[in-house]
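Observations on chain architecture
Read off the chains here:
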Amino acid sequence: MPAAQPAKLSLPELKLTAEPAPAATRAPRAESKPRPKKVASAGRAAAEAEAAKGDRALRAFDTKSAEAAFSAALKLDPTLPAAHRGMGMVYVLLGKNAEAKVAYNRYLQLAPEAPDRDQIARLLGH
């Protein structure tokens, strides 16, 4: 008895080169616009540098230099939370409690999610 031959299946011919899809079936390409990078303004960067100077002066208990640095930072950027916090610390060290409360309240307004929020709120009696 002759051996049975396997049935031949016809397969469609595969093309190895990609052909572009007709224009009607392609999805429209979204135009990508470059996103503006968030870059701190020169004033903000200078204010942050002054606030850092103020922090260093505070660690050395040099309240005069710290006050000058934080004041300079606030002139450059009155919305810098760290400068208001620093001024609050300076005022506490100088015994100017009313001014400290104003500075700390402004700090909390500008940085509502500040990591030391609870501590500052306790100092303010909130």
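Description of the structure in this document. Keep in mind that this is a model prediction, so the values were computed, not measured. (Residues numbered from 1 in each chain as written. Predicted model: local features only at pLDDT ≥ 70, side-chain atom pairs only at ≥ 80, totals over all residues. Heavy atoms only, no water.)

Overview of helix α4 (residues 97-110)
Under the 1.5 Å per step criterion, the end-to-end length of α4 is 20 Å for 14 residues, consistent within 8% with the ideal 20 Å. Among the residues of α4, A100, A103, Y104, Y107 and L108 are the ones counted as buried. The arc that holds the buried residues of α4, viewed along the axis, is 135°, so those residues lie on one side. Projecting away from the buried face of α4 at angles above 90 degrees are the exposed residues A98, V102 and Q109. Lining the buried residues of α4 we find α3 (81-93) and α5 (117-124). (Helix = DSSP H or I, 4+ residues; strand = E, 2+ residues; numbered from the N terminus. Expected span 1.5 Å × (residues − 1). Buried < 20%, exposed > 50% of the residue type's maximum accessible area, 1.4 Å probe, protein only. Arc of directions from axis to C-beta. Contact = heavy atoms within 4.5 Å.)

Topic: the side chain of E50
Mapped onto the secondary structure, E50 falls in helix α1 (residues 42-59). For E50, the residues in contact, after removing those within four places along its chain, are A69, A72, A73 and L76.

Brief notes about the side chain of H84
In this structure, H84 sits in helix α3. The exposure class assigned to H84 is buried, which follows from its relative accessible area of 12%. Within the local environment of H84, its side chain forms a polar contact with the backbone oxygen of P78, the two atoms lying 2.8 Å apart. Ignoring anything within four residues of it in the chain, the contact list for H84 reads L74, P78, A103, R106, Y107 and L110. (Polar contact = N/O pair within 3.5 Å; in protein donor to acceptor, adjacent residues only side chain to side chain.)

Quick notes on the environment of R85
Mapping R85 onto the fold places it in helix α3. Look past the residues within four positions of R85 in its chain and what remains in contact with it is Y104, Y107 and D116.

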